[in-house]
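# An overview of the molecular structure
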Amino acid sequence: MQNAKDTFYEVLRGRLAALNPDRTIVLRGVTRPGVLVEENELITDVAEPDCFRMRWTKTATDANGALPMVIQQCEISYETAGTATNAGMDRGRMLAAMDGELLAVLKEAPQNAVKVNYAGLAFGHAAVSMQTNVWWSGVNFGPETMKNDRVMRTATIEVMSFQEAGER
Amino acid sequence: MASKEGVERIAETALRTLGGWTAMLRMPAPASAGSSAEELGLATPQFQDFPLGPATFRKAESTAKLLVAASAVKKIIGAGSGLDGQFDSADVLFEEAAGVVVDGVVYEITDSVALSAEGGEYCWCLSLKAPVR
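Calculation rules
Residues numbered from 1 in each chain as written. Chains lettered and ligands numbered in written order. Predicted model: local features only at pLDDT ≥ 70, side-chain atom pairs only at ≥ 80, totals over all residues. Helix = DSSP H or I, 4+ residues; strand = E, 2+ residues; numbered from the N terminus. Buried ≥ 20, exposed ≤ 12 C-beta atoms within 10 Å, placed from the backbone. Contact = placed C-beta atoms within 7 Å. Core = buried A, V, L, I, M, F, W, Y, C linked by C-beta atoms within 7 Å. Nonpolar A, V, L, I, M, F, W, Y, C, P; charged D, E, K, R; others polar.

## Details of the environment of G82 of chain A
Residues and elements named next belong to chain A. Of note, G82 is situated in the loop between β5 (69-80) and α2 (91-107). A tally of 20 C-beta atoms within 10 Å means that G82 is categorised as buried. Between the C-alpha atom of G82 and that of R150, which follows or precedes it by 68 residues, the distance is 7.6 Å. Beyond its immediate chain neighbours, meaning those up to four positions away, G82 contacts G88, M89, D90, R91 and M94.

## Things to note about the nonpolar core
Of all hydrophobic cores here, the largest spans 28 residues; its most connected members are F8, L12, F52 and M54 of chain A. Counting residues per element, this core draws most heavily on helix α1 (residues 2-19) of chain A, which supplies six residues. If you look at the next biggest cluster of nonpolar residues, it comprises 27 residues, including A23, A98, Y122 and C123 of chain B.

## Section: the environment of Y122 of chain B
Residues and elements named next belong to chain B. Residue position: Y122 is located in strand β6 (residues 120-129). For Y122, a count of 24 C-beta atoms within 10 Å translates into the label buried. Once the C-alpha coordinates of Y122 and Q46 are considered, the two residues, 76 residues apart in sequence, prove to be 31 Å apart. Excluding its chain neighbours within four sequence positions, the residues that come into contact with Y122 are V7, E8, A11, A70, L115, S116 and A117.

## Side note on the environment of L42 of chain A
Note that L42 of chain A resides in the loop between β3 (35-37) and β4 (52-62). With 17 C-beta atoms counted inside 10 Å, the residue L42 of chain A sits in the partly exposed group. Setting aside residues no more than four positions away along its own chain, L42 of chain A makes contact with P28 and A98 of chain B.

## Considerations on the interface of chain B and chain A
Residue-level contacts link 16 residues of chain B with 17 residues of chain A. Put simply, the parts of the chain that give the side of chain B that touches chain A at least two residues each are α2 (36-39) and β5 (105-117) of chain B. At three residues, α2 of chain B tops the list of elements feeding residues into the side of chain B that touches chain A. Along the lines of polarity and charge, the residues of the side of chain B that touches chain A split into 10 nonpolar, three polar and three charged.

## Observations regarding unusual backbone geometry
In this chain, A109 of chain A is followed by P110 of chain A through a cis amide linkage whose omega measures -5 degrees. With respect to the secondary-structure elements, P110 of chain A resides in the loop between α2 and β6 (112-117). The amide bond that connects G53 of chain B to the next residue, P54 of chain B, takes the cis arrangement and shows omega of 5 degrees. On the secondary structure map, P54 of chain B appears in strand β2 (residues 47-57). Unlike most non-glycine residues, D50 of chain A shows phi in positive territory, near 60 degrees. Positive phi, normally seen in glycine, also occurs at A87 of chain A, with a value near 55 degrees.

So this is what it looks like as structure tokens:
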């Protein structure tokens, strides 16, 4: 299951960086594409604006096939206060731009990727491609909500994969 | 009339009298550029602890608010602390911190407020969240 989560993040990050290289965040002194997985970062109450924050929620399995299929729900939250030079009056437009970017990267063909095992990176080894794919559903956009001076939205998406033999 | 420095010294003395222990501010090392291992949670950053004292809890029966002498915060922000002037504001310092270590327990910092008098900060009040036990 972890491999599917990692693969989906890497795909999203790569596609976002290609689509809009200016969508970046600075985390612990390093500039990187504007997407992060909350459970992989330091615990904080500070919500970074103008970036996509991924949170894994529900998990379900379907054991009817030759390999168990795993369905994992991913919530992608994002918020913006607009730009300071426009006194934040463009925050709606900025949120719409982020809606468009998210839709573009997730609808971009192919809507699947080869599942990759990244565990070796912890020991200085290369990531290893696996035998099956990861694929995902369409995006379900939640309502636009207000958060102090920011507008925010949470989109949900289901990520599917087969649990390969021996995979943990 | 008390000067900025005078108020700072009074606060420091009061904090020493009321508790006077030293907490540690835990700062993560800068991330490795382009490291997928860190972004995927496979590698954790190194941490460095900086002394934050004198400090004391605002109420003896609660660990929700920690009072820290402004002089201790200034020492961390200033040159020669090991952070080499990376932070030009205490608010950013506390936002970037991984937490405060008190008696071996790491508390998350949820908010920081400067208490000031005579045009200068004499104390910082940190709102803390204890780990789930």
